[in-house]
Amino acid sequence: MASSSCKVIIVYVLVLITIGGGQTNGVDDEVSFDENYYVLYGDKLVSLLDQGRQVQLSMDQSSGSGFVSKRSYGSGFFHLRMKLPPKDSSGVVTTFYLNSTATNSHEEVDFEFLGNSGPITLQTNVFANGKGNREQRIHLWFFVDNTPIRVFKNQTGIGVSYPSSPMEIKATIWEAGWATSGRKINWTRSPFQANYRGFNILGCQYQNSDPQECQSPNFWWNTGKYSELSPDLHRAYQNVRDKYMYYDYCSDKKRFPQQPLECASNF
(Lines give C-alpha, C1' and ligand atoms only; values in the text may rest on other atoms or scores of the structure.)
Protein backbone atom coordinates (compact mmCIF):
# COMPACT_ATOMS: atom_id res chain seq x y z
CA MET A 1 0.00 0.00 0.00
CA ALA A 2 1.24 3.50 -0.79
CA SER A 3 -0.03 7.00 -1.36
CA SER A 4 -1.19 8.53 -4.63
CA SER A 5 2.33 9.66 -5.46
CA CYS A 6 3.44 6.05 -5.96
CA LYS A 7 3.33 4.27 -9.29
CA VAL A 8 1.71 0.96 -8.42
CA ILE A 9 0.43 -1.39 -5.72
CA ILE A 10 2.07 -4.78 -6.15
CA VAL A 11 0.78 -7.73 -4.14
CA TYR A 12 3.09 -10.68 -3.58
CA VAL A 13 2.06 -14.06 -2.22
CA LEU A 14 4.79 -13.74 0.42
CA VAL A 15 2.78 -10.87 1.90
CA LEU A 16 0.05 -13.29 2.79
CA ILE A 17 0.90 -16.88 3.40
CA THR A 18 3.75 -19.34 3.29
CA ILE A 19 2.68 -22.68 1.84
CA GLY A 20 5.07 -25.54 2.37
CA GLY A 21 7.15 -24.05 5.18
CA GLY A 22 10.40 -22.15 5.20
CA GLN A 23 11.39 -18.63 6.21
CA THR A 24 9.75 -15.77 4.33
CA ASN A 25 11.94 -12.75 3.56
CA GLY A 26 11.22 -9.83 5.86
CA VAL A 27 9.09 -11.81 8.32
CA ASP A 28 10.45 -11.83 11.87
CA ASP A 29 8.76 -14.62 13.80
CA GLU A 30 10.23 -13.44 17.10
CA VAL A 31 8.22 -10.19 17.33
CA SER A 32 5.33 -10.54 19.78
CA PHE A 33 1.74 -9.72 18.88
CA ASP A 34 1.40 -7.07 21.59
CA GLU A 35 4.26 -5.00 20.20
CA ASN A 36 2.34 -3.83 17.13
CA TYR A 37 -1.24 -5.15 17.35
CA TYR A 38 -4.26 -5.47 19.64
CA VAL A 39 -7.51 -7.46 19.58
CA LEU A 40 -10.22 -5.75 17.53
CA TYR A 41 -13.22 -7.94 18.44
CA GLY A 42 -14.11 -11.43 19.63
CA ASP A 43 -11.77 -11.29 22.63
CA LYS A 44 -12.81 -14.71 23.94
CA LEU A 45 -12.03 -16.25 20.56
CA VAL A 46 -8.47 -14.92 20.33
CA SER A 47 -5.60 -16.94 21.83
CA LEU A 48 -1.95 -15.95 22.21
CA LEU A 49 0.43 -18.86 21.63
CA ASP A 50 4.19 -19.42 21.71
CA GLN A 51 4.78 -16.67 24.29
CA GLY A 52 2.78 -14.18 22.22
CA ARG A 53 4.64 -14.81 18.97
CA GLN A 54 1.58 -16.48 17.43
CA VAL A 55 -2.12 -15.59 17.50
CA GLN A 56 -5.04 -17.91 16.84
CA LEU A 57 -8.29 -16.37 15.63
CA SER A 58 -11.40 -18.52 16.03
CA MET A 59 -14.96 -18.39 14.74
CA ASP A 60 -17.95 -20.24 16.12
CA GLN A 61 -21.69 -19.68 15.88
CA SER A 62 -21.51 -16.80 18.33
CA SER A 63 -18.91 -14.64 16.59
CA GLY A 64 -15.78 -14.29 14.54
CA SER A 65 -12.68 -12.44 15.72
CA GLY A 66 -9.95 -10.10 14.56
CA PHE A 67 -7.01 -7.85 15.38
CA VAL A 68 -5.69 -4.50 14.18
CA SER A 69 -2.39 -2.61 14.19
CA LYS A 70 -1.78 -0.02 16.90
CA ARG A 71 -0.64 2.54 14.34
CA SER A 72 -1.52 3.74 10.84
CA TYR A 73 0.94 3.73 7.96
CA GLY A 74 1.50 5.91 4.91
CA SER A 75 3.60 3.37 3.01
CA GLY A 76 5.29 0.06 3.61
CA PHE A 77 5.88 -3.57 2.72
CA PHE A 78 3.29 -5.44 4.77
CA HIS A 79 3.30 -9.12 5.57
CA LEU A 80 2.10 -11.84 7.94
CA ARG A 81 2.38 -15.61 8.06
CA MET A 82 -1.02 -17.28 7.98
CA LYS A 83 -2.23 -20.83 8.55
CA LEU A 84 -5.76 -21.22 7.26
CA PRO A 85 -8.54 -23.33 8.83
CA PRO A 86 -7.57 -26.95 8.02
CA LYS A 87 -11.07 -28.43 7.72
CA ASP A 88 -13.91 -27.99 5.25
CA SER A 89 -14.33 -24.27 5.76
CA SER A 90 -17.00 -23.41 3.20
CA GLY A 91 -18.52 -20.04 4.07
CA VAL A 92 -15.56 -18.96 6.23
CA VAL A 93 -13.43 -15.99 5.15
CA THR A 94 -9.95 -15.49 6.61
CA THR A 95 -8.40 -12.11 5.90
CA PHE A 96 -5.38 -9.85 6.02
CA TYR A 97 -5.96 -6.34 4.71
CA LEU A 98 -5.18 -2.64 4.87
CA ASN A 99 -8.01 -0.32 5.87
CA SER A 100 -8.06 3.48 5.78
CA THR A 101 -8.53 5.45 8.96
CA ALA A 102 -10.01 8.46 7.14
CA THR A 103 -13.72 8.98 7.82
CA ASN A 104 -14.53 10.81 4.60
CA SER A 105 -13.32 8.26 2.04
CA HIS A 106 -13.21 4.49 2.46
CA GLU A 107 -10.07 2.82 1.11
CA GLU A 108 -8.82 -0.76 1.41
CA VAL A 109 -6.39 -3.26 -0.05
CA ASP A 110 -7.96 -6.66 0.63
CA PHE A 111 -6.63 -10.22 0.78
CA GLU A 112 -9.46 -12.64 1.55
CA PHE A 113 -9.03 -16.41 1.66
CA LEU A 114 -12.36 -17.95 0.75
CA GLY A 115 -13.00 -21.17 2.63
CA ASN A 116 -14.00 -24.31 0.78
CA SER A 117 -13.25 -28.02 0.58
CA GLY A 118 -11.18 -27.73 -2.60
CA PRO A 119 -8.24 -25.58 -3.75
CA ILE A 120 -7.15 -22.62 -1.63
CA THR A 121 -8.85 -19.55 -3.09
CA LEU A 122 -7.57 -16.01 -2.65
CA GLN A 123 -9.66 -12.95 -3.52
CA THR A 124 -8.02 -9.54 -3.77
CA ASN A 125 -9.82 -6.22 -3.99
CA VAL A 126 -8.91 -2.53 -4.02
CA PHE A 127 -11.06 0.30 -2.67
CA ALA A 128 -10.10 3.89 -3.48
CA ASN A 129 -12.10 7.03 -2.71
CA GLY A 130 -15.05 4.87 -1.64
CA LYS A 131 -15.10 2.73 -4.80
CA GLY A 132 -14.37 -0.99 -4.75
CA ASN A 133 -15.81 -3.84 -6.85
CA ARG A 134 -12.34 -4.69 -8.20
CA GLU A 135 -12.29 -8.37 -7.27
CA GLN A 136 -9.87 -10.90 -8.68
CA ARG A 137 -9.75 -14.56 -7.61
CA ILE A 138 -6.97 -17.09 -7.98
CA HIS A 139 -6.33 -20.65 -6.86
CA LEU A 140 -3.08 -20.79 -4.89
CA TRP A 141 -0.41 -23.41 -5.52
CA PHE A 142 2.63 -24.74 -3.68
CA PHE A 143 5.99 -22.93 -3.47
CA VAL A 144 4.77 -19.50 -4.47
CA ASP A 145 6.89 -17.11 -2.37
CA ASN A 146 7.96 -13.86 -4.06
CA THR A 147 5.46 -14.25 -6.89
CA PRO A 148 3.36 -11.16 -7.72
CA ILE A 149 -0.36 -11.91 -7.88
CA ARG A 150 -2.00 -8.48 -8.23
CA VAL A 151 -1.01 -5.14 -9.74
CA PHE A 152 -2.98 -1.91 -9.36
CA LYS A 153 -1.33 1.04 -11.07
CA ASN A 154 -1.65 4.71 -10.19
CA GLN A 155 -3.77 6.11 -12.99
CA THR A 156 -5.18 9.22 -11.37
CA GLY A 157 -4.24 11.08 -14.56
CA ILE A 158 -7.12 9.41 -16.41
CA GLY A 159 -9.60 9.72 -13.54
CA VAL A 160 -9.04 6.42 -11.71
CA SER A 161 -8.98 6.79 -7.92
CA TYR A 162 -5.91 5.42 -6.14
CA PRO A 163 -5.53 4.64 -2.41
CA SER A 164 -3.97 7.66 -0.71
CA SER A 165 -5.12 7.53 2.94
CA PRO A 166 -3.14 6.30 5.96
CA MET A 167 -4.08 2.70 6.65
CA GLU A 168 -4.27 0.27 9.54
CA ILE A 169 -3.42 -3.41 9.17
CA LYS A 170 -6.24 -5.78 10.05
CA ALA A 171 -6.80 -9.54 10.17
CA THR A 172 -10.13 -11.26 10.73
CA ILE A 173 -12.07 -14.50 10.43
CA TRP A 174 -15.80 -14.26 9.73
CA GLU A 175 -18.83 -15.87 8.08
CA ALA A 176 -19.77 -15.12 4.46
CA GLY A 177 -22.01 -17.44 2.48
CA TRP A 178 -21.32 -15.46 -0.71
CA ALA A 179 -17.71 -16.61 -0.62
CA THR A 180 -18.63 -20.16 -1.70
CA SER A 181 -21.68 -19.54 -3.86
CA GLY A 182 -24.08 -19.77 -0.94
CA ARG A 183 -22.88 -23.05 0.56
CA LYS A 184 -23.79 -23.15 4.22
CA ILE A 185 -21.22 -23.45 6.95
CA ASN A 186 -20.91 -26.90 8.49
CA TRP A 187 -21.04 -25.82 12.12
CA THR A 188 -20.25 -29.35 13.33
CA ARG A 189 -16.67 -28.56 12.28
CA SER A 190 -16.45 -25.37 14.35
CA PRO A 191 -14.65 -23.64 15.84
CA PHE A 192 -12.81 -22.64 12.69
CA GLN A 193 -9.31 -21.44 13.51
CA ALA A 194 -6.65 -19.45 11.68
CA ASN A 195 -3.14 -18.82 12.99
CA TYR A 196 -0.95 -15.76 12.39
CA ARG A 197 2.67 -14.91 13.19
CA GLY A 198 5.44 -12.61 12.00
CA PHE A 199 4.25 -9.39 13.65
CA ASN A 200 7.06 -7.04 12.72
CA ILE A 201 5.86 -4.19 10.50
CA LEU A 202 8.00 -2.66 7.75
CA GLY A 203 6.17 0.62 7.31
CA CYS A 204 6.26 4.40 7.65
CA GLN A 205 4.11 5.41 10.60
CA TYR A 206 1.71 8.20 9.77
CA GLN A 207 2.13 11.02 12.28
CA ASN A 208 -0.60 13.47 11.18
CA SER A 209 1.99 15.39 9.23
CA ASP A 210 2.77 15.76 5.54
CA PRO A 211 1.83 12.40 3.97
CA GLN A 212 4.58 12.90 1.40
CA GLU A 213 7.11 12.11 4.13
CA CYS A 214 6.13 8.45 3.80
CA GLN A 215 7.04 8.54 0.10
CA SER A 216 10.69 9.31 0.82
CA PRO A 217 13.19 7.29 -1.27
CA ASN A 218 15.00 6.65 2.02
CA PHE A 219 12.45 3.85 2.56
CA TRP A 220 13.61 0.86 0.53
CA TRP A 221 10.05 -0.11 -0.45
CA ASN A 222 9.70 3.24 -2.27
CA THR A 223 12.62 2.55 -4.58
CA GLY A 224 12.28 1.64 -8.24
CA LYS A 225 12.63 -2.08 -7.62
CA TYR A 226 9.29 -2.10 -5.81
CA SER A 227 7.43 0.50 -7.86
CA GLU A 228 7.18 -1.66 -10.98
CA LEU A 229 7.73 -5.24 -12.06
CA SER A 230 11.00 -6.36 -13.57
CA PRO A 231 10.72 -8.32 -16.84
CA ASP A 232 11.13 -11.62 -14.95
CA LEU A 233 8.48 -10.70 -12.38
CA HIS A 234 6.15 -9.51 -15.12
CA ARG A 235 6.43 -12.93 -16.79
CA ALA A 236 5.74 -14.61 -13.44
CA TYR A 237 2.71 -12.36 -12.92
CA GLN A 238 1.38 -13.13 -16.40
CA ASN A 239 1.80 -16.85 -15.67
CA VAL A 240 -0.36 -16.46 -12.55
CA ARG A 241 -3.05 -14.71 -14.58
CA ASP A 242 -2.95 -17.37 -17.30
CA LYS A 243 -2.89 -20.48 -15.09
CA TYR A 244 -4.45 -19.65 -11.73
CA MET A 245 -6.80 -16.68 -12.04
CA TYR A 246 -10.38 -17.80 -12.57
CA TYR A 247 -12.23 -14.54 -11.97
CA ASP A 248 -11.30 -10.98 -12.96
CA TYR A 249 -13.75 -8.11 -12.67
CA CYS A 250 -12.18 -6.62 -15.79
CA SER A 251 -13.56 -9.55 -17.83
CA ASP A 252 -17.02 -9.59 -16.25
CA LYS A 253 -19.12 -7.97 -18.98
CA LYS A 254 -22.34 -8.69 -17.09
CA ARG A 255 -21.25 -6.51 -14.18
CA PHE A 256 -19.30 -4.04 -16.30
CA PRO A 257 -20.65 -3.75 -19.87
CA GLN A 258 -18.09 -0.98 -20.29
CA GLN A 259 -14.71 -2.12 -19.01
CA PRO A 260 -13.41 -0.01 -16.08
CA LEU A 261 -10.75 2.50 -17.13
CA GLU A 262 -7.93 0.96 -15.11
CA CYS A 263 -8.25 -2.50 -16.68
CA ALA A 264 -6.37 -1.76 -19.89
CA SER A 265 -2.99 -1.42 -18.18
CA ASN A 266 -3.21 -3.30 -14.84
CA PHE A 267 -1.38 -6.38 -16.13
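Here, the structure is the one placed above.
Residues numbered from 1 in each chain as written. Predicted model: local features only at pLDDT ≥ 70, side-chain atom pairs only at ≥ 80, totals over all residues. Heavy atoms only, no water.

**A short note on the overall build of the chain**
No. 1: When helices and strands are counted, the chain shows three helices and 16 strands.
No. 2: Restricting the contact set of the chain to residue pairs at least 6 apart, pairs at least 24 apart contribute 72%.
No. 3: Counting only carbon and sulfur atoms, one obtains 48% of the accessible surface of the chain, whose full area is about 12600 Å². (Helix = DSSP H or I, 4+ residues; strand = E, 2+ residues; numbered from the N terminus. Contact = heavy atoms within 4.5 Å. Areas by Shrake-Rupley, 256 points an atom, 1.4 Å probe, with all protein chains shown as cover.)

**Quick look at the sheet that holds strand β3 (residues 46-49)**
No. 1: Strand order in the open sheet made by the four strands is β3-β4-β14-β7, with antiparallel pairing throughout. A strand with exactly one partner marks an edge of an open sheet, and here the two such strands are β3 and β7 (81-83). On average, each strand axis in the sheet is inclined to that of its neighbour by 20°, with strand direction left out of account.
No. 2: Bridge analysis of β7 against strand β14 (residues 192-197) gives three bridges, and the strand direction is antiparallel. Paired with arginine 81 across the bridge in β14 is arginine 197. (Pairing = 2+ DSSP bridges. Axes fitted to C-alpha atoms, helices over the stretch in contact; angles between N-to-C directions.)

**A closer look at the state of the cysteines**
No. 1: Going through the model one piece at a time under the given rule, you end up with two disulfides.
No. 2: Paired through a disulfide, cysteine 204 and cysteine 214 show a sulfur-sulfur distance of 2.1 Å. The chirality of the disulfide connecting cysteine 204 with cysteine 214 is left-handed, given an S-S dihedral of about -70°. In this pair, cysteine 204 is assigned in strand β15 (residues 202-205) and cysteine 214 in the loop between β15 and α2 (224-227), connecting sequence segments ten residues apart.
No. 3: Among the residues examined, cysteine 204 registers a relative accessible area of 8% and is labelled buried.
No. 4: The exposure class of cysteine 214 is buried, given its relative accessible area of 3%.
No. 5: Residue cysteine 250 pairs covalently with cysteine 263 via a disulfide, S to S 2.0 Å. Every disulfide takes its handedness from the sign of the S-S torsion; for cysteine 250 and cysteine 263 that torsion is -80°, giving left-handed. Taken together, the residues cysteine 250 in the segment after β16 (245-248) and cysteine 263 in the segment after β16 connect sequence positions 13 residues apart. Pair check on accessibility: cysteine 250 and cysteine 263 agree, each one buried.
No. 6: Disulfide connectivity for the chain, with bonded cysteines indexed by sequence position, reads 1-2, 3-4. (Disulfide = S-S within 2.5 Å. Buried < 20%, exposed > 50% of the residue type's maximum accessible area, 1.4 Å probe, protein only.)

**Some remarks on the environment of cysteine 214**
No. 1: The spatial distance from the C-alpha of cysteine 214 to the C-alpha of glycine 74 is 5.4 Å, given a sequence separation of 140 residues.
No. 2: Non-local contacts of cysteine 214, meaning those with residues more than four positions away in its chain, are made with Gly74, Ser75, Cys204, Gln205, Phe219 and Asn222.

**A few points about the pattern of salt bridges**
When the charged atoms of two side chains with opposite charge come close together, those side chains can pair.
No. 1: Taken as a whole and assessed by the stated rule, the structure comprises seven salt bridges.
No. 2: A salt bridge links glutamate 262 to arginine 134; the nearest nitrogen and oxygen atoms lie 2.8 Å apart. Taken together, the residues glutamate 262 in the segment after β16 and arginine 134 in the loop between β10 (121-127) and β11 (136-139) connect sequence positions 128 residues apart.
No. 3: Looking at glutamate 262, the relative accessible area reads 2%, which means it is buried.
No. 4: When salt bridges that share partners are traced, they join Glu30, Asp50, Arg53 and Arg197 into one network. (Salt bridge = Lys/Arg side-chain N within 4 Å of Asp/Glu carboxyl O.)

**Regarding the nonpolar core**
Across soluble globular proteins, nonpolar side chains show a tendency to be buried alongside one another.
No. 1: Counting 36 residues, the largest nonpolar core has Tyr37, Phe67, Ile138, Ile169, Tyr196 and Phe199 as its most contacted members.
No. 2: For this core, the secondary structure elements donating two or more residues are β4 (54-59), β8 (92-100), β9 (108-114), β13 (167-175) and β14.
No. 3: Excluding residues within four positions of it along the chain, tyrosine 196 makes contact with Arg53, Gln54, Val55, Leu57, Phe67, Leu80, Arg81, Met82, Thr94, Thr95, Ala171 and Thr172.
No. 4: In terms of nonpolar packing, the next biggest core, distinct from the first, is built from eight residues, Val126, Tyr162, Cys250 and Cys263 among them. (Core = buried A, V, L, I, M, F, W, Y, C linked by side-chain atoms within 4.5 Å.)

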